[in-house]
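Fold and geometry: a report
Residues per chain, in single letters:
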Amino acid sequence: MRKVLITGGAGYKGVKIAKLLLEHDFHVTVLDNFMYGPDPLVHLLEFDKFEAVKADIRNNIEGIHAYDAIIHLAGISGYPACEANPHSAQLINVDATRNLVQALAKDQLLIYASTTSFYGKSGECCDESSQVEPVSMYGITKFQAEQIIMERENSIGLRFATVFGASPKMRMDLMINDFTYKACKEGMVVLFDSYAKRTFIHVDDAAECYLFALKNCDRMKGGLFNAGGDALNYSKLEIAEAIKKYLDFKIIDSDIKDRDVRHFIISFDKITGMGFTPKKSVEDGVEELLRLYKFYDPHSHFRVI
Ligand SMILES: NC(=O)c1ccc[n+]([C@@H]2O[C@H](COP(=O)([O-])OP(=O)(O)OC[C@H]3O[C@@H](n4cnc5c(N)ncnc54)[C@H](O)[C@@H]3O)[C@@H](O)[C@H]2O)c1
């Protein structure tokens, strides 16, 4: 499994995964349509085994057979982007995933960036066998794509917790990144459904999890795994309180309901049993983000390289 293609590899998670795999001596090719530009990849040029291709997975996957493994990240990511672009979400997240699956040879490993987002709002503890209840365009399209991917034997589905932390390509719609920004720049965080529980993972641990799946593919293929750690199940209020350890700001508990209703506790027993546990805490991420926001405003047009 030495030659790896990362679709959507110029994004928030992809850049971090690409760097980690290159540091472990994999050949890494990023395929991305550069929706957010190619700048976050520039620092990877120091690795001889790195290559990037500007292409759209909807219509340009011809060279796909050259790779031992494909990490499939390309898509419209997150609740706000999918609500704003439902047609693209269907075409890219679902239809392009189906085309990709049909184009692959049986011996090519496919690792899919799935999500815990579709576990719904029951507040109960969910494992991989729990009933899913997608409540948004994002959740619906990600679940459909996961089903397509898991129909083939040589696939691994990683249902990721919500990622946080600094990356060369930031995502500011992610809860911890967003709350920390608002606490630091606006002096207040407004909480909708402050009791609602979510689950989180640092972007470096998310990258480690893909590396873990590549290295343990013989044991993991055919399987779905919640990707995160039991210590990282937090309510929105608990996240705000964790940020409060580092700076003073106002927490406003609003009566308005969140349109992105999600409330669950996730069990990570399955992936923990395989030997994967995230190392970084919410506090590690908040500290890092506060250092980032001191000198860089991700809401501006510039990117960190
Ligand atoms: N970040 C999270 O919290 C999280 C959690 C669970 C799952 N995921 C999944 O992980 C994947 C990556 O997430 P991210 O946070 O890095 O998102 P991102 O939006 O930062 O990255 C997505 C990348 O896909 C590329 N892309 C979009 N459409 C494309 C197309 N048609 N052809 C080629 N490239 C295309 C974009 O240019 C971008 O670089 C997504 O599939 C997302 O659903 C993310």
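Okay, so let's go over this structure. (Residues numbered from 1 in each chain as written. Predicted model: local features only at pLDDT ≥ 70, side-chain atom pairs only at ≥ 80, totals over all residues. Heavy atoms only, no water.)

Helix and strand counts for the chain stand at 10 helices and 14 strands. Relative to the globule expectation of 19 Å for 305 residues, the C-alpha radius of gyration of the chain, 18 Å, shows essentially globular dimensions. For the chain, the spread of C-alpha atoms along the principal axes amounts to about 55 × 40 × 40 Å. A burial count over the chain gives 57% of its 305 residues as buried. Counting only carbon and sulfur atoms, one obtains 50% of the accessible surface of the chain, whose full area is about 13300 Å². Computed over 36 positive and 42 negative side-chain charges, the inter-centroid distance for the chain is 1 Å. (Helix = DSSP H or I, 4+ residues; strand = E, 2+ residues; numbered from the N terminus. Rg over C-alpha atoms; globule rule 2.2 N^0.38 Å. Buried < 20%, exposed > 50% of the residue type's maximum accessible area, 1.4 Å probe, protein only. Areas by Shrake-Rupley, 256 points an atom, 1.4 Å probe, with all protein chains shown as cover. Lys, Arg positive; Asp, Glu negative; His and termini not counted. Charge placed at Lys NZ, Arg CZ, Asp CG, Glu CD.)

Our focus in this paragraph is helix α6 (residues 203-215). With 13 residues, α6 ought to run about 18 Å at 1.5 Å a step, and its terminal C-alpha atoms sit 19 Å apart, in line with that. Listed as buried for α6 are Val203, Asp205, Ala206, Ala207, Cys209, Tyr210, Leu211, Phe212, Ala213 and Leu214. (Expected span 1.5 Å × (residues − 1).)

Further remarks concern the packing of helix α1 (residues 12-23) against α6. The angle between the axes and the distance between the axes are what describe a pair of packed helices. One can describe the packing of α1 onto α6 by two numbers: an axis separation of 9 Å at closest approach and a directional angle of 55°. In this view, α1 runs oblique relative to α6, as classed from their interaxial angle. As α1 runs across α6, the sense of the crossing is right-handed. Along the contact surface, α1 presents Tyr12, Lys13, Lys16, Ile17, Leu20 and Leu21, while α6 presents Val203, Asp204, Ala206, Ala207, Glu208, Tyr210, Leu211 and Leu214. (Axes fitted to C-alpha atoms, helices over the stretch in contact; angles between N-to-C directions. Parallel < 35°, antiparallel > 145°, perpendicular 65-115°, else oblique. Left-handed = near helix turned anticlockwise from the far one by under 90°. Contact = heavy atoms within 4.5 Å.)

So, on to the sheet that holds strand β10 (residues 197-202). A sheet is described by the order of its strands in space; here three strands give the open sequence β8-β10-β12, paired in mixed fashion. Whereas interior strands pair on both sides, the edge strands pair on one side only; in this sheet they are β8 (162-164) and β12 (233-235). Put simply, the sheet's adjacent strands are angled 50° from each other on average, direction ignored. Alignment of β8 against β10, held across three bridges, turns out to be parallel. Among the inter-strand pairings, Phe164 is bridged to a residue of β10, identified as His202. (Pairing = 2+ DSSP bridges.)

Taken together, 31 residues form the shell around the ligand, and within it Asp32, Tyr138, Lys142, Lys169 and Arg171 come nearest. In the model, an oxygen atom of the ligand is placed 3.1 Å from a nitrogen or oxygen of the Asn33 side chain. Measuring from an oxygen atom of the ligand, one finds a side-chain N or O atom of Lys142 at 2.8 Å. Burial of the ligand by the protein chains amounts to 98% of its free accessible area of 830 Å². (Near = heavy atom within 4 Å. Polar contact = N/O pair within 3.5 Å; in protein donor to acceptor, adjacent residues only side chain to side chain.)

A contiguous nonpolar surface patch, about 320 Å² in accessible area, is contributed by Met188, Val190, Phe192 and Ile256. Tracing the backbone through its elements, the reader meets Phe192 in strand β9 (residues 188-192). (Patch = residues over 30% accessible without salt bridge, like charges linked within 9 Å, V, L, I, M, F, W, Y side chains within 5 Å. Salt bridge = Lys/Arg side-chain N within 4 Å of Asp/Glu carboxyl O.)

One way to put it is that helix α5 (residues 175-185) packs onto helix α8 (residues 236-244) with a least axis distance of 10 Å and a crossing angle of 50°. Viewed along their axes, α5 and α8 adopt a mutual orientation that is oblique. Along this stretch, α5 crosses α8, giving a crossing that reads as right-handed. Contacts between α5 and α8 involve Met175, Ile176, Phe179, Thr180 and Ala183 from the first element and Lys236, Ile239 and Ile243 from the second.

So, on to α5. Structurally, the α-helix is built with 3.6 residues per turn, so residues lying three or four positions apart point the same way. Most of α5 is tucked away: eight of the 11 residues are buried. Of the positions making up α5, those classed as buried are Met175, Ile176, Asn177, Asp178, Phe179, Thr180, Tyr181 and Ala183. In this fold, the buried residues of α5 make contact with α1, β8, β9, β10, α8 and α10 (282-295). Gly187 lies just past α5 and shows a positive phi near 70°.

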